[in-house]
Amino acid sequence: MSSDTRITPLITASDEQSFEAIFKRYYPLVYQLACRCTGRRDEAEDIAQEVFLRFYRTPPHATSEGEQRAWLCKVATNLSLNALRTRQRRTLHEEQAGEINRQEMSGDAAHSSPEQQVIAAEQAAITRAVLAELPERQQTYLLLRSVGLSYAEIALATGVAQASVGALLARAEREFRRKYHERAIATKE
């Protein structure tokens, strides 16, 4: 790579307007996906910024708006899962539950009883822990579906045939329910 190439901007003035439009349109989706996976607003903001920084530096070779959206979701999911794995290596499950409880206290949760807040935090912690136990592929399907992506969009983001998404998603949901049920029973004992 020559030094002349490094000096020129990666995105021209007209591309900057296009980037801004894409950013405004998809930031809420990318943020929501990261927030659902990590459970932390600040971490989700960092991930969303990293996704769009990567998009700005090296835009995907997408031929349609759907492919751009799929690329953004795929990168957001991968970065979110990486962040989740990193956090789990650093902290114990009990420390995560306490921190998630503090961060999730906002809006309606602030008006509910302390008991309801603790129960909600425990359920969220169990959900994230169970999700982390699933194979990465199943985590990806569940996260993409949870933010409202269609089967076609999930197929684009994951690179599988659209006809296979339903079965793969059903398998992921079944495994998630099984592990969640096991965890819930173990917690009650």
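Residues numbered from 1 in each chain as written. Predicted model: local features only at pLDDT ≥ 70, side-chain atom pairs only at ≥ 80, totals over all residues. Heavy atoms only, no water.

Visitor: Help me get a handle on a positive patch on the surface, residues and values and all.
Guide: A grouping of Arg137, Arg171, Arg174 and Arg177 is seen on the molecular surface, where their side chains present a positively charged patch. For the positive patch, the element with the most residues is helix α10 (residues 162-188), which contributes 3 residues. Its location among the elements puts arginine 174 in helix α10. (Patch = residues over 30% accessible without salt bridge, like charges linked within 9 Å, V, L, I, M, F, W, Y side chains within 5 Å. Areas by Shrake-Rupley, 256 points an atom, 1.4 Å probe, with all protein chains shown as cover. Salt bridge = Lys/Arg side-chain N within 4 Å of Asp/Glu carboxyl O. Lys, Arg positive; Asp, Glu negative; His and termini not counted. Charge placed at Lys NZ, Arg CZ, Asp CG, Glu CD. Helix = DSSP H or I, 4+ residues; strand = E, 2+ residues; numbered from the N terminus.)

Visitor: Let's hear about helix α9 (residues 151-158): which residues, and what values?
Guide: Quick reminder: α-helices carry 3.6 residues per turn. Residues three or four places apart thus point the same way. Inspection of α9 places Glu153, Ile154, Ala155 and Ala157 among the buried residues, and these make up the whole buried set. Positioned one or two residues after α9, glycine 159 has a phi angle of 80°, which is positive. (Buried < 20%, exposed > 50% of the residue type's maximum accessible area, 1.4 Å probe, protein only.)

Visitor: Lay out the packing of aromatic side chains in plain terms, naming residues and giving numbers.
Guide: Each aromatic ring pair is specified by the distance between its two centres and by the angle formed by the two planes. If you walk through the whole model with that rule in mind, you get 10 aromatic pairs. Judged by centre distance (4.9 Å) and plane angle (70°), the ring pair of phenylalanine 23 and phenylalanine 52 falls under edge-to-face. Here the residue phenylalanine 23 occupies a position in helix α2 (residues 13-38), and phenylalanine 52 occupies one in helix α3 (residues 41-57), the gap between them amounting to 29 residues. Taking relative accessible area as the criterion, phenylalanine 23 reaches 30% and is therefore assigned partly exposed. Residue classification places phenylalanine 52 among the buried residues on the basis of a relative accessible area of 2%. (Phe/Tyr/Trp six-rings, centres within 6.5 Å; stacked < 30°, edge-to-face > 60°.)

Visitor: Could you give an account of the side chain of glutamate 43, naming the residues involved and the relevant values?
Guide: With respect to the helices and strands, glutamate 43 occurs in helix α3. The contacts of glutamate 43, once residues within four sequence positions are left out, are Thr38, Ala83 and Arg87. (Contact = heavy atoms within 4.5 Å.)

Visitor: Just give me the short version of the nonpolar core, but keep the residues and values in it.
Guide: Within the largest apolar cluster, 43 residues are counted, with the highest numbers of intra-cluster contacts made by Val51 and Leu72. The set of elements that each furnish at least two residues to this core consists of α2, α3, α4 (65-90), α7 (114-133), α8 (136-146), α9 and α10. If sequence neighbours within four positions are ignored, leucine 72 has contacts with Ile22, Tyr26, Val30, Val51, Phe52 and Phe55. (Core = buried A, V, L, I, M, F, W, Y, C linked by side-chain atoms within 4.5 Å.)

Visitor: So what's going on with the environment of glutamate 65? Which residues, and what values?
Guide: The topology assignment puts glutamate 65 in helix α4. For the pair glutamate 65 and isoleucine 22, spaced 43 residues apart in sequence, the C-alpha to C-alpha distance is 9.4 Å. If we skip the residues at most four places from it in the chain, glutamate 65 touches Arg25 and Tyr26. Here the side chain of glutamate 65 touches arginine 25 through a polar contact of 2.4 Å, side chain to side chain. (Polar contact = N/O pair within 3.5 Å; in protein donor to acceptor, adjacent residues only side chain to side chain.)

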